[in-house]
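Chain by chain, the residues run as shown.
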Amino acid sequence: MNNTITYKGYIGTIEFSEEDCIFFGKVLGLHSLISYEGATAKELLDDFHGAIDDYLQACADNGIEPEKAFKGSFNVRVSPDLHKQLAQYAAENQVTLNRIVESALQSYVTAHAN
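Counting from 1, residues in each chain are numbered in the order their sequence is written. Totals for whole chains, interfaces and linings use all residues, but because this is a predicted model, local features are given only for residues with pLDDT of at least 70 and pairs of side-chain atoms are given and counted only at 80 or more. In computing side-chain values, all of the structure's heavy atoms are included and hydrogens and water are not.

**Quick look at the sheet that holds strand β3 (residues 15-17)**
Adjacent strands of a sheet form backbone hydrogen bonds with each other and so pair up, either parallel or antiparallel. Short version of the rule: Here the rule is simple: two strands pair whenever DSSP picks up at least two bridges between them. Note on conventions: DSSP H or I runs of at least 4 residues are helices, E runs of at least 2 residues are strands, and numbering of each starts at the N terminus. Interaxial angle, 0 to 180 degrees, is taken between N-to-C directions of lines fitted to C-alpha atoms, where a helix line uses only the stretch in contact. Should any heavy atoms of two residues lie within 4.5 Å, those residues are counted as being in contact.
Across the sheet, which stays open at both edges, the 3 strands sit in the order β3-β4-β5 with antiparallel pairing between neighbours. If you trace the sheet from one side to the other, it starts and ends with β3 and β5 (35-38), each paired once. Here the strands of the sheet are splayed against their neighbours by 30° on average, with no regard to which way each runs. The pairing of strand β4 (residues 22-26) with β5 spans 4 bridges and is antiparallel. Following the sheet pairing, Phe24 is matched in β5 by Glu37. Helix α1 (residues 41-61) contacts β4 and β5 of the sheet and is inclined by roughly 155° relative to β5.

Right, dumping it as structure tokens:
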């Protein structure tokens, strides 16, 4: 079962509350909180689409640029020893740390893709 949905480039989660007997979720990768819910999968999807459309309309009405999820930048914390090894490897091979991390992450995602 896929636990995410996508609309207009935004990705949302799908969760279920057994206590409330309702589906709910939130949009990933934004500072703004955009949430949605529904008693059925169709209601959840409709509310998700409506929440994104409302967000984009509110941004347009207020003359602000909508947030872009997943801008391609995030902090990665590693041990000092690994950081040293990576920096040495990067210098010796004339590549950036960003290129090393991107390559490693791409390999991981490719190997673990559904």
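Read on for the rest.
**Some thoughts on the environment of Asp61**
Spelled out, the test is: For this analysis, a polar contact is any N or O atom pair within 3.5 Å, provided that within protein one partner can donate a hydrogen and the other can accept it, and provided that sequence-adjacent residues contribute only side-chain to side-chain pairs.
Residue placement: Asp61 occurs in helix α1. Of the polar contacts made by the side chain of Asp61, one reaches the side chain of Gln57; its length is 2.7 Å.

**Considerations on the side chain of Glu67**
Keep this limit in mind: Per-residue accessibility, obtained with a 1.4 Å probe over protein chains only, is compared with the maximum for each type, and a residue is labelled buried under 20%, exposed over 50%, and partly exposed between these values.
Note that Glu67 resides in the loop between α1 and α2 (80-93). Taking the relative accessible area as the measure of exposure, Glu67 reaches 16% and is therefore buried.

**Considerations on the packing of aromatic side chains**
Describing an aromatic ring pair means giving the distance of the ring centres and the angle of the ring planes. Heads up, the rule is: Centres within 6.5 Å make a pair out of two Phe, Tyr or Trp rings, where for Trp the six-membered ring is used; the pair is then stacked when the planes are under 30 degrees apart, edge-to-face when over 60, and tilted otherwise.
Overall, the coordinates contain 4 aromatic pairs when judged by the stated rule. Between Tyr7 and Phe48 the ring centres are 6.4 Å apart and the planes differ by 65°, which places this aromatic pair in the edge-to-face class. Placement of Tyr7 in strand β1 (residues 4-7) and of Phe48 in helix α1 is noted, with a sequence separation of 41 residues between them. A centroid spacing of 5.1 Å and a plane angle of 55° characterise the contact between Phe16 and Phe23, whose relative ring orientation is tilted. Given the relative accessible area of 44%, Phe16 is considered partly exposed.

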